[in-house]
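Descriptive structure summary
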Amino acid sequence: MPEKTEKPAAETATEAAAEAAKEAVSATTAEERPRRRQARGERRIVQLLEAAARVFATTGYTAASTNAIAREAGVSPGTLYQFFPNKEAIAIELGSRLMHEMRQSYDEVLTPITPDTTPLEEVIAGTVDRFIEFNCRHPAFFVLMHGPDIPGRIAEEHDALHTTLVARVETILAPFTPDAPPAAVTRTAQMCVGIYKAGLELILAHEGDEREAYVQELKGALVRYLEPLMGTS
């Protein structure tokens, strides 16, 4: 019976290293597959949300349907249902993402300022321009936040967003009205937000030069309202 020949240690080590490398590649590939699937899934979700935004902006939330959203996205209804069970779930996800982006705008624009270095008109112009730009870029935001039949969860999140907006406006107004009681500053902030929202609806209803004219009207209305209260006239 022939004797079993042992492999040289160097050869055995080389084979072991090759096997280990092969296993490492297999493990890496196995880990990458879920990540690739996750990335593809997120791209599909973004595609569906962008299509939903266009449908909501065109028809409103109530008249929109999952079939219309799928058609706008260029996918089958079955594909849509792999990611969202119904129209409400789509609206909630879209609304949440848009509100997150709007909160980022609050953080960047609505910061305390020094009246001696920043004129009131400049504060109003910069703030209005930023928020109008956001709403013109995302017309579905206004539809979802102010529609008559929006899902309750969106309404709750919008109420919280509104509260945050008023509080941020108060922080801007406070340095301009150092002698005003807090309750008066809060009322002024609420009125500013109310004037802005009323103007926003008119602005979004127009385009081109007419839209810009309404933007200027909104800025002027806020300046004329605030100047007497702040003694800057």
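This text goes with the structure placed above it.
Procedures and definitions
The residue numbers shown here count from 1 along each chain, following its written sequence. With the structure being a predicted model, the display of local features is reserved for residues of pLDDT at least 70 and the display and counting of side-chain atom pairs for 80 or more, all residues being used for whole-chain, interface and lining totals. With hydrogens and water stripped out, all remaining heavy atoms of the structure feed into the side-chain values. The numbering of helices and of strands both runs from the N terminus, where a helix is a DSSP run of H or I of at least 4 residues and a strand a run of E of at least 2. Accessible area is worked out with a 1.4 Å probe on protein chains only. A residue is then buried under 20% of its type maximum, exposed over 50%, and partly exposed in between. Whether two residues touch is decided by their heavy atoms; if any such pair falls within 4.5 Å, the residues are in contact. With residues, only the protein chains shown are counted as cover, and all accessible areas are computed by Shrake-Rupley using a 1.4 Å probe. Each axis is a line fitted through C-alpha atoms, and for a helix only the stretch in contact is used; angles between axes span 0 to 180 degrees, taken between their N-to-C directions. Crossing handedness: left-handed means the near helix sits turned counterclockwise from the far one by under a right angle, and right-handed means the same turn made clockwise. Residue polarity is assigned by list, with Asp, Glu, Lys and Arg as charged and Ala, Val, Leu, Ile, Met, Phe, Trp, Tyr, Cys and Pro as nonpolar; anything else, Gly included, falls into the polar class. Centres within 6.5 Å make a pair out of two Phe, Tyr or Trp rings, where for Trp the six-membered ring is used; the pair is then stacked when the planes are under 30 degrees apart, edge-to-face when over 60, and tilted otherwise. The span you would expect from a helix comes to 1.5 Å times its residue count less one. For this quantity, the arc is that covered by the directions from the helix axis to the C-beta atoms.

Right, let's get into the overall build of the protein. Scanning the protein from N- to C-terminus turns up nine helices and zero strands. Put simply, the protein has 233 residues, and 35% of those count as buried. Within the protein, contacts between residues at least 6 apart in sequence are counted, and of these 69% link residues at least 24 apart. Of the roughly 13,700 Å² of accessible surface on the protein, 55% is carried by carbon and sulfur atoms.

Our focus in this paragraph is the packing of helix 5 (residues 120–137) against helix 9 (residues 208–230). Where helix 5 meets helix 9, the axes come as close as 10 Å, and the angle between the chain directions of the two elements is 140°. Relative to helix 9, the crossing made by helix 5 is right-handed. Judged by residue contacts, Leu120, Glu121, Ile124, Ala125, Val128, Asp129, Ile132 and Cys136 of helix 5 engage Arg211, Val215, Leu218, Lys219, Leu222, Val223, Leu226, Glu227 and Met230 from helix 9. For the contact of helix 5 with helix 9, the per-class residue count stands at 12 nonpolar, no polar and five charged.

A separate point is the packing of aromatic side chains. According to the stated counting rule, one finds four aromatic pairs in the structure shown. Residues Tyr106 and Phe131 carry aromatic rings whose centres are separated by 5.5 Å and whose planes lie at 70° to one another, so their mutual orientation is edge-to-face. With a gap of 25 residues between them, Tyr106 in helix 4 (residues 87–109) and Phe131 in helix 5 connect regions that are remote in the sequence. Grouping residues by exposure puts Tyr106 and Phe131 together as buried. An aromatic cluster of three or more residues is present, and its members are Tyr106, Phe131 and Tyr196.

Taking 1.5 Å as the rise per residue, helix 5 with 18 residues should run 26 Å; its terminal C-alpha atoms sit 26 Å apart, in good agreement. Those residues of helix 5 that fall on the buried side of the exposure criterion are Leu120, Val123, Ile124, Thr127, Val128, Phe131, Ile132, Phe134 and Asn135. For helix 5, the angular spread of the buried residues around the axis is 155°, confining them to a single face.

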